[in-house]
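# A look at the structure
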Amino acid sequence: MKLGLDGANVVVAGSSAGIGLGIARGFLAEGANVAISGRTASTLDVARAELEALGLGTVASFAGDMTDSDVVEAALVAAEHDLGPIDCVVANVGLGRAPLGFEVTDDDWDFDIRQNLTGAMFLARSAMRRMVARDDESRRRCSIVFVSSIAGIEALGTPLTYGATKAGLNHAAKALARIAGKHGIRVNTVAPGNIIFSGGNWEQRVDQRPEAWGRWIDREVSLRRFGTPDEIADAVVWLASSRAGFVTGTTLVVDGGQLRS
């Protein structure tokens, strides 16, 4: 199925590895051009080389902290310079440092809110400013996709800050969809379950306790396996495409059947 993304210009924040890198790869496979971002220039350079080796669309990159609104703005200016007008932004911004339990410091609350909620909204704000300035016809191609988590839908034993900020992101995305809809711009969210990839947290846990985590996956996930970055990418790319042209304000769960409701 062709998704109508040939020549589209896409910014994927948080794309030097894992899910974000898989999303960038998915857009390139559909004929789009992609600008990737990450905090560490050396890691980002490796990711860019990997994507360019595919021989598909144009690949640009920008290193910086995408929770800083000035950096976000600079990243979009650079992406427009390298690719042209931005048609889609994917906010794959987020991590956490707070421990489990209720004893979370003020600094850890502030840090995790910025990482998982406000950084993504800074990116959406900068993207929206550009998208609404375009003519009606070209805005039909514009969309924003947030990458959230199933931890924002149910309490799954994650740190308080992580689940709360992902729930906030799900709500903010739905609210933004109502605002953006009058301009013909779609806003959606993908909520991944447990995704395993090289260098990721799940790979480290499984390497340390393979039997215990194998039993846990068998018990908790209907499909009895981890997901992959490419499976999240498929959902994101579809939501960004014209084939999802009447879909906005939704949170698409991609978790192998872990959530029970």
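Everything in this summary refers to the structure shown in the same document.

Procedures and definitions
Residues numbered from 1 in each chain as written. Predicted model: local features only at pLDDT ≥ 70, side-chain atom pairs only at ≥ 80, totals over all residues. Heavy atoms only, no water. Helix = DSSP H or I, 4+ residues; strand = E, 2+ residues; numbered from the N terminus. Expected span 1.5 Å × (residues − 1). Buried < 20%, exposed > 50% of the residue type's maximum accessible area, 1.4 Å probe, protein only. Contact = heavy atoms within 4.5 Å. Axes fitted to C-alpha atoms, helices over the stretch in contact; angles between N-to-C directions. Parallel < 35°, antiparallel > 145°, perpendicular 65-115°, else oblique. Left-handed = near helix turned anticlockwise from the far one by under 90°. Nonpolar A, V, L, I, M, F, W, Y, C, P; charged D, E, K, R; others polar. Core = buried A, V, L, I, M, F, W, Y, C linked by side-chain atoms within 4.5 Å.

Quick look at helix α9 (residues 229-240) now. Here α9 contains twelve residues, and its C-alpha end-to-end distance of 16 Å stays within 8% of the 16 Å for a straight helix at 1.5 Å per residue. Those residues of α9 lying buried are Pro229, Ile232, Ala233, Ala235, Val236, Val237, Leu239 and Ala240. Where the residues of α9 are buried, they touch α1 (18-29), β4 (88-91), β5 (143-147), β6 (186-192) and β7 (251-254).

Packed helices, taken two at a time, are described by their axes: the angle between them and the distance between them. Contact geometry for α1 and α9: axes closest at 8 Å, N-to-C directions at 50°. Taken together, α1 and α9 sit at an angle that is classed as oblique. The handedness of the crossing between α1 and α9 comes out as right-handed. On the side of α1, the interface is formed by Gly18, Ile19, Gly22, Ile23, Arg25, Gly26 and Phe27, while α9 contributes Pro229, Asp230, Ile232, Ala233, Val236, Val237 and Ala240. Residue classes in the contact of α1 with α9 are distributed as nine nonpolar, three polar and two charged.

A word on the nonpolar core. Counting 32 residues, the largest nonpolar core has Met66, Leu123, Ile144, Phe146 and Val187 as the members making the most contacts within it. Counting residues per element, this core draws most heavily on helix α4 (residues 106-132), at seven residues. If we ignore the near neighbours within four places in the chain, the residues touching Phe146 are Ala91, Ala120, Met121, Ala124, Leu169, Ala173, Leu176, Val187, Asn188, Thr189 and Val190.

The next thing to look at is unusual backbone geometry. Residues other than glycine seldom take positive phi values, yet Arg224 does so here, at roughly 60°. Following the sequence through the fold, Arg224 ends up in the loop between α8 (210-220) and α9. What makes Arg224 exposed here is its relative accessible area of 53%.

Time to look at the environment of Ser69. With respect to the helices and strands, Ser69 occurs in helix α3 (residues 69-83). Taking relative accessible area as the criterion, Ser69 reaches 27% and is therefore assigned partly exposed. On a C-alpha basis, the gap between Ser69 and Ile232 in space is 26 Å, while along the polypeptide they are 163 residues apart. With near-sequence residues (within four places) excluded, Ser69 lies in contact with Phe122 and Arg125.

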